[in-house]
Amino acid sequence: MTGGEPAARRGGVAEAAVATGPGGGHRGGTGNIVAPLPFPVAARRELGDAQLRANLRRATHTIRDKRLRVVGEVPDWPQLRAAGAAIKNDVLARLPELLEQFEAAATAAGATVHWARDAAEACALVTDLVRGTGSTEVVKVKSMATQEIGLNEALAEAGIAAVETDLAELIVQLADDTPSHILVPAIHYNRRQIREIFARRMPGVDLGTLTDEPAALAEAARRHLRAKFLSAKVAVSGANFAIAETGTLVVVESEGNGRMCLTLPETLISVVGVEKLLPTFRDLEVFLQLLPRSSTGERMNPYTSMWTGVTPGDGPTTLHIVLVDNGRTTTLADPVGRQALRCIRCSACLNVCPVYERVGGRAYGSVYPGPIGAILSPQLTGPEAGANRSLPYASTLCGACFDACPVRIDIPQVLVHLRQRGVDARRGRPSAERAAMRTMSWVMRDRRRYAAALRAARRGSAPLRWLTGGRGVRRLPWPLSAWTASRDAPLPAAQTFRDWWAAREGTRAAGGRRDAG
Amino acid sequence: MTPADRAAGSAREEILARIRAARPTAPVTVPRDYRTAPAVPTPPDADLLDLLVDRLVDYRATVRRCAPRDVAGALADLLGPVPTVVAPAGVPETWLSTYLGRIRRDGDPAPLTVADLDEPGLAVVTGCAVAVAQTGTLILDGGPEQGRRLLSLVPDHHLCVVRADQVVAGVPEALARLADPTRPITLISGPSATSDIELNRVEGVHGPRRLDVLLVDG
């Protein structure tokens with residue numbers, strides 16, 4: 001097989017994630033799901049961009065309000081969420097049978113089904129399939145799976161140009177940037193910035209008509225891509241759902257670029273994560289209600305396409321489906337963490353997350369950002385990949401993501417679980433935190449030791465209280481500076497609660513005697 | 001990973017084996033206590049048709065209503081100065097009987113090409129399989145009045161005729177109505193749009209920028 005590792009990654013550290021393959025023990029996922037920098041470092045970098053924060057705040061608040069409005073229109077929303085979660089749990093419990101059923105149905109309908117263990121294998125498969133057509137350009141529908149496996153980079157290495165046709169993906173591709181949101185990869189740009197990108201990078205753009213009105217920007221994208229759509233021979237897509245019963249694939253989109261890619265080219269290659277299955281066509285009645293309202297806050301997205309194999313005279317004559325594992329089976333093995341595989345990539349959790357709203361998607365270093373990314377990326381790759389071990393800490397555990405999730409993924413529960421797993425994995429190694437906790441535990445186990453420690457702390461901090469006027473300490477010396485980097489350290493009170501209580505009880509007792517006497 | 005490991009067939013077996021080892025074993029019962037399609041379909045009442053119109057208009061479709069005998073006149077009105085209309089083979093002659101421009105039937109004499117359909121000023125007239133009132137969605141499933149998918153995609157102006165008996169309340173009823181889920185199916189809710197710029201819906205990207213719906217009532 002040809003092809004190989006995707007060339008350009010989000011930083012050199014990504015290579016550390018390469019799995020060892022069969023017999024090698026670790027079967028983690030690879031590709032663009034490895035954070036090159038620890039989250040706190042990347043977050044600090046992103047926080048320096050005030051424009052980014054303003055754009056994110058505006059966009060996430062717009063979508064939050066819209067989502068709440070359209071979810072409020074659906075009286076059986078809680079029942080739909082419960083059904084959505086249960087259907088996905090059922091899929092995970094019956095996954096081998098359902099995958100075989102899907103493969104048989106899709107094959108019978110004229111598709112060819114391929115399987116890929118990891119990103120490199122999936123990229124090599126798709127590259128070979130494109131080469132087989134003789135085409136050197138493919139049009140692409142926005143797809144998380146192909147971003148995850150780094151397909152564009154792999155195709156570029158093989159001399160094949162991948163043209164992103166989703167407006168936001170096009171913006172990101174023209175800006176030579178990385179996506180920052182699952183659904184709206186260019187959410188970090190405002191309209192003025194998008195106009196700038198088009199004016200500088202879009203070939204043949206008409207500067208006379210290009211204003212920063214969204215309609216004018218959409219028109220520019222339409223003109224830019226029209227000729228590509230009408231002449232493309234090969235398209236690459238993902239799928240939102242794959243129906244086991246019928247072998248049907250489903251793509252949910254807005255602009256019509258998806259329909260163009262799924263309908264006009266001769267060859268269609270669809271890259272699908274193994275967890276995208278639904279058992280029956282009927283199950284779509286749940287997900288086609290949950291997904292649009294949760295993602296763009298619309299009652300229904302403008303276009304949804306469903307296709308089963310090939311249909312003579314209508315659409316592509318060749319259909320390849322590549323089923324991708326890339327760390328999903330290792331995720332499945334964790335009884336708490338596996339619920340992340342229920343995710344339908346709606347991005348509602350990103351839009352309500354107070355952390356995401358401030359740092360944006362690029363701080364997470366993976367194509368899966370936000371709360372879902374914080375539990376998905378480290379599970380897909382294994383926690384030792386790059387800086388993914390820091391991702392479960394990228395949360396305040398406020399729980400807004402759980403409330404918003406249409407398939408009821410308890411993201412805070414998984415975050416805590418992954419933190420626990422991280423700590424467990426490091427037991428036995430020296431740790432300042434553990435030493436401090438052990439000392440604290442020794443002090444607090446004995447009443448006299450505890451009282452003495454409080455007295456010592458009070459006396460020791462007396463000069464500081466005098467110096468700071470009792471307001472607390474902004475910066476402690478190393479190693480305690482790690483604590484004061486993001487918070488002030490309060491000073492011990494002039495009088496402890498225990499002293500105050502003892503004094504109060506003493507006074508009362510004295511007063512009581514006087515009354516009695 | 002060595003080339004031998006990548007041998008054809010082994011990826012499939014290995015992934016399935018990994019899943020068998022990892023998956024949960026407890027069977028799952030799916031609660032279906034959300035609103036499902038009624039066992040006996042109910043014909044749409046006036047409120048439901050009004051809801052469909054409201055939802056279509058909310059997503060920037062143009063809606064006209066007419067009685068069955070007035071379809072041709074209403075269609076000709078909506079088409080106005082459009083010079084050429086494309087129609088799938090199954091669109092009744094009567095729909096376009098008062099339209100004065102050129103009519104091109106797909107497949108008569110030959111299937112229309114992408115270039116034919118990309119002609120400026122062209123409009124396409126189709127029917128639909130079912131329409132969903134609560135979401136303002138038209139569902140096309142390649143039936144004779146709807147034709148191939150590219151017909152309702154490449155032209156910039158799509159005109160869809162919906163009969164009142166094709167209107168259902170919600171998504172569950174609509175999917176239950178579809179005769180064959182393995183036919184190519186397209187759900188259309190308003191004209192082509194994007195939410196990619198500051199997360200606001202803007203109409204008019206790659207699909208038809210104008211969507212007209214003629215609701216035939218009575």
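Residues numbered from 1 in each chain as written. Chains lettered and ligands numbered in written order. Predicted model: local features only at pLDDT ≥ 70, side-chain atom pairs only at ≥ 80, totals over all residues.

S.K.: Hey, could you go over the overall build of chain A for me, with residue numbers and the actual values?
M.R.: When its secondary structure is counted, chain A shows 22 helices and ten strands. Seen through its C-alpha atoms, chain A measures out along the principal axes to roughly 105 × 55 × 50 Å. Out of the 517 residues in chain A, the part that is buried amounts to 50%. By sequence separation, contacts in chain A at least 24 residues apart represent 75% of the contacts at least 6 residues apart. (Helix = DSSP H or I, 4+ residues; strand = E, 2+ residues; numbered from the N terminus. Buried ≥ 20, exposed ≤ 12 C-beta atoms within 10 Å, placed from the backbone. Contact = placed C-beta atoms within 7 Å.)

S.K.: Before we move on, could you go through the overall build of chain B and cite the residues and values that matter?
M.R.: A count of helices and strands for chain B gives five helices and twelve strands. With the C-alpha coordinates aligned to their principal axes, the bounding extent of chain B is approximately 65 × 45 × 40 Å. Sequence separation of at least 24 residues holds for 69% of the intrachain contacts in chain B that already meet a minimum separation of 6.

S.K.: Describe the interface of chain A and chain B, and please don't skip the residues or the numbers.
M.R.: Taken together, the contact between chain A and chain B spans 84 residues of the former and 65 residues of the latter. By residue class, the composition of the side of chain A that touches chain B is 46 nonpolar, 21 polar and 17 charged. Pairing analysis gives four bridges linking strand 9 (residues 303–308) of chain A to strand 9 (residues 185–188) of chain B, with the strands arranged antiparallel. When the bridges of strand 9 of chain B are listed, Met306 of chain A appears paired with Ile185 of chain B. (Nonpolar A, V, L, I, M, F, W, Y, C, P; charged D, E, K, R; others polar. Pairing = 2+ DSSP bridges.)

S.K.: Quick rundown of the pairing of strand 7 (residues 267–273) of chain A? Include the residues and the values.
M.R.: All names here are of chain A. Judged by how many residues are buried, strand 7 sits mostly within the fold: seven of seven residues are covered. Alternating positions in strand 7 separate into two faces, Thr267, Ile269, Val271 and Gly273 on one and Leu268, Ser270 and Val272 on the other, with burial throughout. Pairing analysis gives four bridges linking strand 4 (residues 234–237) to strand 7, with the strands arranged parallel. When the sheet's bridge partners are listed, Val236 is paired in strand 7 with Ile269.

S.K.: Which residues make up the nonpolar core, and what are the values?
M.R.: Nonpolar side chains in soluble globular proteins tend to be buried together. Core analysis: the biggest nonpolar cluster contains 203 residues, and Val322 of chain A together with Leu75, Val162 and Leu214 of chain B have the highest contact counts within it. Considering each element in turn, this core owes the most residues, seven residues, to helix 5 (residues 119–133) of chain A. (Core = buried A, V, L, I, M, F, W, Y, C linked by C-beta atoms within 7 Å.)

S.K.: Provide a residue-level description of the environment of Ala239 of chain A, including the pertinent values.
M.R.: All names here are of chain A. By the element assignment, Ala239 lies in the loop between strand 4 and strand 5 (241–243). Sequence spacing of Ala239 and Val251 is twelve residues, and the spatial spacing of their C-alpha atoms is 5.1 Å. Those residues in contact with Ala239, other than ones at most four positions away along the chain, are Leu249, Val250, Val251, Ser270, Val272 and Lys276.

S.K.: Break down the domain arrangement of chain A for me, with residues and values.
M.R.: How big an interface is tends to be reported as the loss of accessible area on association of its parts. Domain boundaries assigned for chain A yield domain 1 (12–330) and domain 2 (432–516). Each of domain 1 of chain A and domain 2 of chain A has a C-alpha centre, and the two are 55 Å apart. (Domains from an automatic or database assignment.)

S.K.: Break down the sheet that holds strand 10 (residues 318–324) of chain A for me, with residues and values.
M.R.: Residue and element names in this part refer to chain A. Spatially, the six strands line up as an open sheet ordered 1-10-7-4-2-3, and their pairing is parallel. Only two strands of the sheet have a single partner each, and these edge strands are strand 1 (111–116) and strand 3 (161–164). If you compare each strand with its neighbour and ignore which way they point, the axes differ by 25 degrees on average. (Axes fitted to C-alpha atoms, helices over the stretch in contact; angles between N-to-C directions.)

S.K.: Please provide a residue-by-residue account of helix 16 (residues 370–381) of chain A, values included.
M.R.: Residues and elements named next belong to chain A. Taking 1.5 Å as the rise per residue, helix 16 with twelve residues should run 16 Å; its terminal C-alpha atoms sit 16 Å apart, in good agreement. Counting buried positions along helix 16 gives twelve out of twelve residues, so the element sits mostly inside the fold. Those residues of helix 16 that fall on the buried side of the exposure criterion are Gly370, Pro371, Ile372, Gly373, Ala374, Ile375, Leu376, Ser377, Pro378, Gln379, Leu380 and Thr381. Among the structural elements, helix 13 (328–332), helix 14 (348–352), helix 15 (354–359), helix 17 (400–404) and helix 18 (411–425) are those in contact with the buried residues of helix 16. (Expected span 1.5 Å × (residues − 1).)

S.K.: Which residues make up unusual backbone geometry, and what values do they have?
M.R.: Glycine aside, negative phi is the norm for most residues, and most peptide bonds take the trans geometry. Cis geometry is found at the peptide bond from Asp108 of chain B to Pro109 of chain B, where omega equals 10 degrees. Here the phi dihedral of Asp176 of chain A falls at roughly 60 degrees; this positive angle occurs in a residue that is not glycine. In this model, Arg345 of chain A sits at a positive phi of 60 degrees, which is unusual for a non-glycine residue. Along the chain, Arg345 of chain A turns up in the loop between helix 13 and helix 14. The class for Arg345 of chain A is partly exposed, based on 19 C-beta atoms found within 10 Å.

S.K.: Run through the packing of helix 9 (residues 191–201) of chain A against helix 10 (residues 214–231) of chain A, naming residues and quoting values.
M.R.: Residues and elements named next belong to chain A. It is at 10 Å that the axes of helix 9 and helix 10 come closest, and there the two elements cross at 30 degrees. The orientation of helix 9 with respect to helix 10, classified from their angle, is roughly parallel. As helix 9 packs across helix 10, the resulting crossing turns out to be left-handed. When helix 9 is examined against helix 10, the residues Arg191, Ile194, Arg195 and Phe198 are found in contact with a partner set consisting of Pro214, Leu217 and Ala220. A class-by-class count of the residues in the contact of helix 9 with helix 10 yields five nonpolar, no polar and two charged. (Parallel < 35°, antiparallel > 145°, perpendicular 65-115°, else oblique. Left-handed = near helix turned anticlockwise from the far one by under 90°.)

S.K.: Explain the sheet that holds strand 5 of chain A residue by residue, including any values.
M.R.: Taking strand neighbours across the sheet as the criterion, the eight strands line up as 8(A)-5(A)-6(A)-9(A)-9(B)-6(B)-5(B)-8(B) in an open arrangement whose pairing is mixed. The open sheet has two edge strands with one neighbour each: strand 8 (277–278) of chain A together with strand 8 (167–168) of chain B. Alignment of strand 5 (residues 130–132) of chain B against strand 6 (residues 137–140) of chain B, held across three bridges, turns out to be antiparallel. Looking at the pairing, Val130 of chain B lines up with Ile139 of chain B of strand 6 of chain B.

S.K.: I'd like a rundown of the confidence of the model for chain A, residues and numbers included.
M.R.: Detailed reading of the predicted model is not advised wherever pLDDT is low. Within chain A, residue pLDDT values average 89, and 94% of them lie at 70 or more. Predicted confidence for residues 1–25 of chain A stays below pLDDT 50, and this span has 61 contacts to residues more than four positions away or in other chains. (pLDDT = per-residue confidence, 0-100.)

S.K.: Account for the environment of Val414 of chain A, with residues named and values stated.
M.R.: Residues and elements named next belong to chain A. Structurally, Val414 is set in helix 18. A count of 25 C-beta atoms within 10 Å places Val414 in the buried class. For the pair Val414 and Val113, spaced 301 residues apart in sequence, the C-alpha to C-alpha distance is 33 Å.

S.K.: Before we move on, can you summarise the confidence of the model for chain B with the specific residues and values?
M.R.: With 96% of its residues at a pLDDT of at least 70, chain B reaches an overall mean of 93. In the predicted complex, the global pTM is 0.89; the interface-specific ipTM is 0.95.

S.K.: I'd like a description of the packing of helix 4 (residues 95–108) of chain A against helix 1 (residues 10–22) of chain B, backed by residues and values.
M.R.: It is at 9 Å that the axes of helix 4 of chain A and helix 1 of chain B come closest, and there the two elements cross at 150 degrees. Relative to helix 1 of chain B, the element helix 4 of chain A lies roughly antiparallel. Contacts from Leu95, Pro96 and Leu99 of chain A in helix 4 of chain A reach Leu16, Ile19 and Arg20 of chain B in helix 1 of chain B. Of the residues in the contact of helix 4 of chain A with helix 1 of chain B, the class split is five nonpolar, no polar and one charged.

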